[in-house]
Amino acid sequence: MGSSYNYYRMFGCFNRKFKIRETEPPPDVRDAFFRYTGKGIQMNADQLLRYLVEVQGEEGCTIKDAEQIIQHVASRRHHLIRRLNHSLELDDFFFYLFQDDLNGAIKSQVHHDMTAPLQHYFIYTGHNSYLTGNQLSSDCSEIPIVKALERGVRGIELDLWPSSGKDNIHVLHGRTLTTPVPLLKCLKAIRDHAFVKSPYPVIITLEDHLTPDLQAKVAEMVIQIFGEMLYYPQSECLEEFPSPEGLKNRIILSTKPPKEYLESKNQRDTSPVGKDSFREDLLKKEKSEIGVEDHDTDERSDSDQDDEDGDTSNDQQSSQPEAPKYKSLIAVHAGKAKHGLKRALREESNKVSRLSLSEQEVVRAAENYGTDLVRFTQKNILRVYPKGTRVTSSNFKPMTGWMHGAQMVAFNMQGYGKSLWMMHGMFRSNGSCGYVKKPHFLMDKGPHNEVFDPKVKLPVKKTLQVRVYMGDGWRLDFSHTHFDAYSPPDFYTKLYLVGVPADTRKKKTRILEDDWCPVWDEEFNFPLTVPELALLRIEVREYDMSEKDDFGGQTCLPVSELRTGIRSVPLYDKKGHKMKSVRLLMRFQFL
């Protein structure tokens, strides 16, 4: 096979020639192959099975699984002449290890217990799911909702406002310049795409700024569009949430139960869009940034409409069976801490509900009432939403919410950034079905009724050992001058362990110059006190001496889901889309 080269134009007058090195198996891969073949040149199904069980930790693997792997590799490399049909040569074995669908780093099937009540799960949740861009002036559309559902998001948020003629319902971000989208369009999009990625329930959280007649219209719409897909309880309020398994292929509504509609004195709820309200809202957001009590639109404007328990009227069940009232369709009742957060978290009730807090409120609550937050989430649902000043649709760090048991950490899915990458990583767990069973310690009480305290530093439970062998695929996905106009790229890999404060660490490999297929072969250890909540964030960068280092791909993996052994790790772009060819070869072990 002839050598191939990249040519780079230097100073506009002469070319530099760089040989493209062929991808070769690292020493560990060679050693494993020859160890299991008895130094032979071909690995049969029995030998591959032994490797899968002993090195990769595939305890339930069978000879049939090994044979299927060999068949997959043969079919994908069919252009090569095969000397044997039922074995792998070294290059075949190396090829197999790099296939993320055959040898991925995390489990791809639903494997958590799905029969516990909803509050036992972290739920993949979106914020202002209808926005195409920023929070102040972007278009509202059903398209971001479709994209979120197709990614596996299970929590969709819609802000409901009267249309200008007060005779219809629009979805838009109130008191901003966002352009509306009809509610009907959003509901149809949810119906048609809710279960494309996952069969588990979709929770629609509604921010309701409607008059009673428009609320009745919403009730008609959801019944007509969702039909039997819509789940709502027969009694006034749930005493315990159903399970994801029991709610498969169902749609759930969550909002504050309406009381008698009262006009706001300043009429702000009936004027969702306008320059004056736009400026007023920005001023409030600026105040909230410096410590004034912060409220997202999910919790503002409803102080006289709220009810924490959702049980304020006796006529709730007087509706006709064929046309249930709006209030009776609400399965997950939402409220706010109108008598103070401390009381809301500690108050005992025989009914379950959802409480929403801003990201700042959760940080303050974690500092002052951390164990109360954990105790509250053992029975109820806690939703955390971005602060109002995140006008560019950025996101906050989700780990504070998760380690206190918050089920619905709501994110702007149309944005991008490191926090969103962490969200993507968490919900790669459990087959990417959108529901991740919370660790038992967040749901259990101790012998003296104590609960998990995230502030308490625990002893190291296990150590994750990560070996970064190599990377490949950039030369296929990028032009040869994408990273550097004058030479091949200089790649390095950064590893971030994200979890409870005691577990947080970062490491990086050395920089390899002028190499499209870098082989680092470096090992790192991460001691873990709470491995159940840990995420391993991986980012490849291309070193640039004069400017900011270029982005070369990223991924985030839930540590609790990692498969041991030598694994293929595909990388994603900044927006979370999987790159076509770029992958790392890594080894994961727990010590």
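This structure is a prediction, so every number in the text was calculated from the model and none was measured.

Calculation criteria
- Residues numbered from 1 in each chain as written.
- Predicted model: local features only at pLDDT ≥ 70, side-chain atom pairs only at ≥ 80, totals over all residues.
- Heavy atoms only, no water.
- Helix = DSSP H or I, 4+ residues; strand = E, 2+ residues; numbered from the N terminus.
- Buried < 20%, exposed > 50% of the residue type's maximum accessible area, 1.4 Å probe, protein only.
- Contact = heavy atoms within 4.5 Å.
- Areas by Shrake-Rupley, 256 points an atom, 1.4 Å probe, with all protein chains shown as cover.
- Pairing = 2+ DSSP bridges.
- Salt bridge = Lys/Arg side-chain N within 4 Å of Asp/Glu carboxyl O.
- pLDDT = per-residue confidence, 0-100.
- Axes fitted to C-alpha atoms, helices over the stretch in contact; angles between N-to-C directions.
- Parallel < 35°, antiparallel > 145°, perpendicular 65-115°, else oblique.
- Left-handed = near helix turned anticlockwise from the far one by under 90°.
- Nonpolar A, V, L, I, M, F, W, Y, C, P; charged D, E, K, R; others polar.
- Polar contact = N/O pair within 3.5 Å; in protein donor to acceptor, adjacent residues only side chain to side chain.
- Phe/Tyr/Trp six-rings, centres within 6.5 Å; stacked < 30°, edge-to-face > 60°.

Further remarks concern the overall build of the protein chain. Per the secondary structure count, the protein chain includes 15 helices and 25 strands. A burial count over the protein chain gives 56% of its 591 residues as buried. Summarising the internal contacts of the protein chain: among those between residues at least 6 apart in sequence, 73% fall at separations of at least 24. Total accessible area on the protein chain stands at roughly 26000 Å², and carbon and sulfur atoms take up 49% of it.

Counting buried positions over the 11 residues of strand β18 (residues 462–472) gives 10, a clear majority of the element. One ladder, built from 8 bridges, connects β18 with strand β21 (residues 519–528); its direction is antiparallel. Along β21, the bridge assignment pairs threonine 463 with proline 527. Sheet analysis places β18 next to strand β25 (residues 578–590), joined by 8 bridges and oriented antiparallel. Pairing of leucine 464 across the sheet is with phenylalanine 590, part of β25.

Quick look at the pattern of salt bridges now. This model, assessed by the stated rule, comprises 22 salt bridges. Note that arginine 390 is salt-bridged to glutamate 359, the shortest N-O span being 2.7 Å. Placement of arginine 390 in the loop between β15 (381–385) and α12 (399–403) and of glutamate 359 in helix α11 (residues 359–377) is noted, with a sequence separation of 31 residues between them. On the basis of relative accessible area, glutamate 359 is assigned to the buried category, the value being 11%. Residues participating in the shared-partner salt-bridge network are Asp28, Arg467, Asp521, Glu523 and Arg587.

What follows covers the confidence of the model for the protein chain. For the protein chain, per-residue confidence averages 87 on the pLDDT scale, and 84% of positions sit at 70 or higher. Low pLDDT, under 50, characterises residues 260–269; the stretch is placed with 16 contacts to residues that sit more than four places away or in other chains. A low-confidence stretch, residues 274–323 stays under pLDDT 50, and its non-local contacts, those more than four residues away or across chains, total 118 contacts.

Two elements in contact, helix α6 (residues 143–151) and helix α7 (residues 183–193), have axes whose closest approach is 9 Å; the angle formed by their N-to-C orientations is 20°. By the angle class used here, α6 and α7 are roughly parallel. Classified by chirality, the crossing of α7 by α6 is right-handed. On α7, the residues that touch Ile145, Val146, Leu149 and Glu150 of α6 are Cys186, Ala189, Ile190 and His193. Broken down by class, the residue content of the contact of α6 with α7 amounts to 6 nonpolar, 1 polar and 1 charged.

The next subject is helix α2 (residues 45–54). Buried residues of α2: Ala45, Gln47, Leu48, Leu49, Tyr51 and Leu52, and no others. In this structure, the buried residues of α2 make contact with α1 (27–36), β3 (43–44), α3 (63–76), β4 (87–88), α4 (90–97) and β24 (565–572). Structurally, the start of α2 carries an N-cap: the backbone nitrogen of aspartate 46 is 3.1 Å from a side-chain oxygen of asparagine 44.

The next point concerns the environment of valine 498. With respect to the helices, strands and loops of the structure, valine 498 is situated in strand β19 (residues 491–498). A residue is classified by how much of its surface remains accessible, and valine 498, at 15% relative accessible area, is buried. Between the C-alpha atoms of valine 498 and valine 559, which are 61 residues apart in sequence, the distance is 9.7 Å. With near-sequence residues (within four places) excluded, valine 498 lies in contact with Met399, Met422, Leu533, Ala534 and Leu535.

With that settled, consider the packing of aromatic side chains. Using the criterion set out here, one finds 17 aromatic pairs in the structure. Geometrically, the ring pair formed by phenylalanine 33 and phenylalanine 93 is tilted, given 5.7 Å between the ring centres and 45° between the ring planes. Separated by 60 residues along the polypeptide, phenylalanine 33 in helix α1 and phenylalanine 93 in helix α4 bring together distant segments of the chain. Residues phenylalanine 33 and phenylalanine 93 agree in their burial class; the two are buried. Judged by centre distance (5.1 Å) and plane angle (55°), the ring pair of phenylalanine 478 and phenylalanine 483 falls under tilted. One aromatic cluster is present, formed by Phe33, Phe34, Tyr36, Tyr51 and Phe93 through successive ring pairs.

Orientation of α2 relative to α3, taken along the N-to-C sense of each, is 110°, at an axis distance of 8 Å. Classified by the interaxial angle, the pair formed by α2 and α3 is roughly perpendicular. The segment α2 lies against α3, with Ala45, Asp46, Leu48, Leu49 and Leu52 engaging Ile63, Ala66, Glu67, Ile69 and Ile70. Broken down by class, the residue content of the contact of α2 with α3 amounts to 8 nonpolar, no polar and 2 charged.

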